[in-house]
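Understanding the architecture of this molecule
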Amino acid sequence: MKHRAGTKEQLKPEESLRKNEELYKDLYRVVRLMCDNVSDLLWAKDMEKKFIFVNKAICEKLLNAKDANEPIGKTDMFFAERERKANPDDPEWHTFGEICADSDSVVMKSRKAERFDEFGNVKGEYLNLDVYKAPIWDEHGEMIGTVGCGREVTRERKIEEELRKSEKRYRAIVEDQTELICRFLPDGTITFVNETYCSYFGKKKEDLIGHSFMPLIPDEDRSMVRQRINSLCSETPVITYEHQVILPGGKIRWMCWKDHAIFDDKNKIIEYQSVGWDITERKEMEETLKYAKIGLEQQVRERTAELSLKNEQRMREIEELRRTEERLHKTLASLRVAHEELKLAQLQVVQAAKMESVGILAAGVAHEVKNPLATIQMGVEYLSNRFSSLDKSSKMVLQNMEDAVYRADSIVRDLLEFSYINEVDFEESQLNDIILQSISLVKHELEKKNIKLEENLSRDLSALSFSTDRICQVFVNIFLNAIHASPDGGILKVRTYEKKITTKGHFKISENVVVAEVEDMGEGIPEEDIMRIFDPFFTTKPMGKGTGLGLAVSKKIMESHGGKIEIMNRKEGGVKTTVMFKT
Amino acid sequence: MAKKRILVIDDEQSFTRLVKLSLEETGRYEVMEENRGPRGLSIARKFNPDLVLLDIAMPDMGGGEVAAQIKNDPDLKDVPIVFLTAVIKKSEETIISGIPYIAKPVTLNKLIMCVEDNLRK
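It should be emphasised that the depicted structure is a prediction, and the values quoted were computed from it without experimental measurement. (Residues numbered from 1 in each chain as written. Chains lettered and ligands numbered in written order. Predicted model: local features only at pLDDT ≥ 70, side-chain atom pairs only at ≥ 80, totals over all residues. Heavy atoms only, no water.)

1. So, the overall build of chain B
Counting its regular elements, chain B contains five helices and five strands. Relative to its full complement of 121 residues, chain B shows a buried share of 49%. In chain B, the share of contacts with a sequence separation of at least 24, taken over all contacts with a separation of at least 6, comes to 65%. Surface summary for chain B: the accessible area is close to 5800 Å², and the carbon and sulfur share equals 49%. (Helix = DSSP H or I, 4+ residues; strand = E, 2+ residues; numbered from the N terminus. Buried < 20%, exposed > 50% of the residue type's maximum accessible area, 1.4 Å probe, protein only. Contact = heavy atoms within 4.5 Å. Areas by Shrake-Rupley, 256 points an atom, 1.4 Å probe, with all protein chains shown as cover.)

Quick look at the structure:
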């Protein structure tokens, strides 16, 4: 630098003085320029707070002085007043000034350098200065004034203010959280906790910060927590996990934590931020639910087992019922069969009873009836012989009377058969012989009615034991009925054969029977009569032509032989009569 | 030709009377009628008949017993008997065995034929 070029030893006194003046002048100029070009505010004041030096920056930014000379000898207040006077309508135009004087006093009193934050409005705009003030000491150690410099920090202060407000706001948020918030270092040392955290653990902030949180966690959970925290990295910077904590008094609670790793520029974890909340109730609820679930499952299992047991029982009962039903069905079926058989048997019994009573009746009355008949018979004949000259109608009357006696006698005779039928003598004989004998007895009638006979008699029939007279009577009855039913002639078929019984009925199964079938082509039997044909006295013949005892007697005869007689209408017309004998 | 003597024993008086009338009408028979069995034997002894028509079923004494008495009487033992009967019961079969019978009612012709067939020769 120029002013530092020379040295004292090389200069003469006046020259030295001149040179000194020049040097000072030069120095002043440089200092002046330096001061006026620096953007910081620079000033010096005497003990009366009047400026003895100002730089350009203070003139422009604070005092609104026209140059650096104007403030000399004047106070801050001079300029403040001047500004206010210039803008009387705006009380906010200039509020700076008093604060400067006050800080001057402070420094003068404390006699040492101090720092001040000075602010207020200048030209209607807020100005904030970071001010350093210090006493000016002369060569004798006397304080002769103050020197100060100020740097405009309006913007910085605003930012700081806003930051402060923002932090306050966030702090409030953090503090008002019901969640526990903390920050901690990778080694577990807590660097921050919120109020909730403190109150939750019942500790003061200072007892927590700077210490590890691990003692707050039960032994059994610690390694898990450590593992979780260590698992955080740039790829997974956030994790959530649950663990137990120990409260003052040893009470155990459950917490859920959401840890957030904070990285430096090199992606190295420098800190963790963690938010936690109490989940004890949830855990207890879960536990309760778990137990409830286990209990329920147990109940369900028990009930299921119980039900399946009952179900099995029901199935067994159903099966039993089904079997019972089956048995009942079978029983019912056999009962039905038995009922049918009983009905049949009852019919037969009724029939037999009818015949039996008829037989008994006949035996009882035959004597009483026949004696008067004998008298009438004799009487009618006597009269007929005695009056040979009787007129025609009288003769007819007598003849009618005789016929009536004969008819009455026939009835009684047939009735008597009932009482005799059981008293028969059996002899070995061939059925075919009996049939032929019977045919010869009705041959005349067959010819008279122009009925052709078709015989088909088996030659291999077993010999039977029966009363030939009675069986002959049966066949004569059958033939006479057939003849009577065929007034216009036709064919009378007679067939005999032997067979084995295959269905249960009158005969036992596999019993050998000899069968005779007589078929006519006659009128058949009206359906309503078919049940009555074996009833005693039932006849379709006109009065005097039949006693109605023929089939009743035939049936009784067959029964007395252990055989059977069946009469049915043929589909193609006429009647088929079947007579069966056990061999 | 002497008339044949016929004794008819039957509890039915109307019948015995008609038998008597009818047979005597022919002019060939003399008929004695009796309606009570117990008196049959004594009447037969008195009447000495050529044939006895004897009813089986009678109160007091049946025809069977009367027949037995007659057959056991030395004077009457050869007198032919013809039973008259309305009903031949099983129990009566042994009684009438070997003895002819007429079933009532009977026509006069049959009666006469039977009487003629069995008259004491």
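2. Observations regarding helix H1 (residues 13–25) of chain B
All names here are of chain B. With 13 residues, H1 should cover 18 Å at 1.5 Å per step; its first-to-last C-alpha distance of 18 Å lies within 8% of that length. Among the residues making up H1, those that are buried are Phe-15, Thr-16, Leu-18, Val-19, Ser-22 and Leu-23. Along H1, the residues classed as buried sweep out an arc of 160° about the axis, all on the same side. One or two positions beyond H1, positive phi appears at Gly-27, with a value near 85°. (Expected span 1.5 Å × (residues − 1). Arc of directions from axis to C-beta.)

3. Remarks on helix H3 (residues 76–86) of chain A
Every buried residue of H3 of chain A is accounted for by Asp-76, Phe-79, Ala-80 and Glu-83 of chain A. Along the long axis of H3 of chain A, the arc covered by the buried residues comes to 105°, so they all point the same way.

4. Re the packing of helix H11 (residues 431–448) of chain A against helix H12 (residues 468–484) of chain A
Residues and elements named next belong to chain A. At a minimum axis distance of 9 Å, the contact between H11 and H12 shows a crossing angle of 40°. Relative to H12, the element H11 is oriented oblique. Remark: the crossing between H11 and H12 carries right-handed chirality. Within the contact between the two elements, H11 uses Leu-431, Ile-434, Ile-435, Gln-437, Ser-438, Ile-439, Leu-441, Val-442, Glu-445 and Leu-446 and H12 uses Thr-468, Ile-471, Cys-472, Phe-475, Val-476, Phe-479, Leu-480 and Ile-483. Looking at the contact of H11 with H12 residue by residue, the class counts come to 14 nonpolar, three polar and one charged. (Axes fitted to C-alpha atoms, helices over the stretch in contact; angles between N-to-C directions. Parallel < 35°, antiparallel > 145°, perpendicular 65-115°, else oblique. Left-handed = near helix turned anticlockwise from the far one by under 90°. Nonpolar A, V, L, I, M, F, W, Y, C, P; charged D, E, K, R; others polar.)

5. Notes on the sheet that holds strand S3 (residues 114–122) of chain A
Residue and element names in this part refer to chain A. Ordered by their spatial adjacency, five strands build an open sheet running S2-S1-S5-S4-S3, and the pairing between neighbours is antiparallel. Unpaired on one side and paired on the other, strand S2 (51–54) and S3 mark the two borders of the sheet. Across the sheet, the mean angle separating the axes of adjacent strands is 25° when strand polarity is ignored. Bridge analysis of strand S1 (residues 41–46) against strand S5 (residues 143–152) gives six bridges, and the strand direction is antiparallel. (Pairing = 2+ DSSP bridges.)

6. Observations concerning the confidence of the model for chain B
Averaged over all residues, the pLDDT of chain B equals 86, while 88% of them reach at least 70. Predicted complex, confidence summary: ipTM 0.81, pTM 0.39. (pLDDT = per-residue confidence, 0-100.)

7. What to know about unusual backbone geometry
That bond from Lys-104 of chain B to Pro-105 of chain B is cis: its omega, -5°, falls within 30 degrees of zero. Tracing the backbone through its elements, the reader meets Pro-105 of chain B in the loop between strand S5 (101–103) and helix H5 (108–118). One non-glycine residue, Asn-450 of chain A, adopts positive backbone phi at about 60°. Here Asn-450 of chain A shows up in the loop between H11 and strand S12 (451–457).

8. Here's the deal with the interface of chain A and chain B
It is common to report an interface's size as the accessible area lost on association of the parts. Counting residues at the interface gives 20 residues for chain A and 21 residues for chain B. For the pair chain A and chain B, the summed buried surface comes to about 1900 Å²; carbon and sulfur atoms form 65% of the total. If you sort the residues of chain A by the area they bury against chain B, His-367, Met-378 and Tyr-382 of chain A come out on top, with a joint share of 33%. In this structure, the connection of chain A to chain B is made through zero salt bridges. Our count for the contact surface shared by chain A and chain B stands at three residue pairs in polar contact (both at pLDDT 80 or more). Taken together, the elements giving at least two residues each to the side of chain A that touches chain B come down to helix H9 (280–386) and helix H10 (392–421) of chain A. Tallying contributions element by element places H9 of chain A first for the side of chain A that touches chain B, with 14 residues. Taken together, the residues that form the side of chain A that touches chain B break down as eight nonpolar, six polar and six charged. (Buried area = accessible area lost by both parts, 1.4 Å probe. Salt bridge = Lys/Arg side-chain N within 4 Å of Asp/Glu carboxyl O. Polar contact = N/O pair within 3.5 Å; in protein donor to acceptor, adjacent residues only side chain to side chain.)

9. A short note on the packing of aromatic side chains
The relative placement of two aromatic rings is captured by the distance of their centres and the angle of their planes. Residues and elements named next belong to chain A. Evaluation of the coordinates by the stated rule reveals nine aromatic pairs over all chains. Consider the rings of Phe-119 and Tyr-126, whose centres lie 6.3 Å apart with planes at 35°: the pair is tilted. You can call Tyr-126 partly exposed: its relative accessible area is 38%. Their ring planes at 20° and their centres at 5.1 Å tell us that Phe-184 and Tyr-272 sit as a pair that is stacked. Of this pair, Phe-184 sits in strand S6 (residues 180–184) while Tyr-272 sits in strand S10 (residues 269–278), and the two are 88 residues apart along the sequence. (Phe/Tyr/Trp six-rings, centres within 6.5 Å; stacked < 30°, edge-to-face > 60°.)

10. Structural notes on empty space enclosed by the protein
All names here are of chain A. Enumeration over the complete set of coordinates arrives at three cavities of 30 Å³ or more. Estimated volume of the largest cavity: approximately 100 Å³. Considering the residues around the largest cavity, the lining is formed by 13 residues, among which Tyr-197, Phe-213, Ile-217, His-243 and Trp-257 are closest to the centre. Of all the secondary-structure elements, those providing two or more residues to the lining of the largest cavity are S6, helix H6 (195–201), strand S8 (238–246) and strand S9 (252–263). Of all the elements, S8 adds the most residues to the lining of the largest cavity, at three residues. (1 Å grid on protein atoms, 1.4 Å probe; cavity = no way out; pocket = protein on both sides within 12 Å on 5 of 7 lines; lining within 4 Å. Points joined across faces, edges and corners; volume = space filled by probe spheres on them.)

11. Comments concerning the pairing of strand S2 (residues 29–34) of chain B
Residues and elements named next belong to chain B. The sheet contact formed by strand S1 (residues 4–9) and S2 spans six bridges and is parallel. Bridge assignment links Leu-7 to a residue of S2, and that residue is Met-32. A crossover links S1 with its parallel partner S2, the connecting element being H1, and its sense is right-handed. (Right-handed = clockwise from strand over helix to strand, strands pointing away.)

12. Let's talk about the nonpolar core
Residue and element names in this part refer to chain A. If you look at the biggest cluster of nonpolar residues, it comprises 39 residues, and the most contacted ones within it are Leu-431, Ile-435, Ile-471, Phe-475, Phe-479, Val-579 and Phe-581. For this core, the elements supplying multiple residues, two or more each, are H11, strand S13 (464–466), H12, strand S14 (490–500), strand S15 (512–520), helix H13 (550–560), strand S16 (564–569) and strand S17 (575–582). Sort the elements by how many residues they give to this core and H12 lands first, with nine residues. Each residue touching Phe-581, except ones within four places of it in the same chain, is listed here: Leu-431, Leu-464, Phe-466, Ile-471, Phe-507, Asn-512, Val-513, Val-514 and Met-558. With 26 residues, the next largest nonpolar core counts Cys-182, Tyr-197, Ile-217 and Ile-229 among its residues. (Core = buried A, V, L, I, M, F, W, Y, C linked by side-chain atoms within 4.5 Å.)

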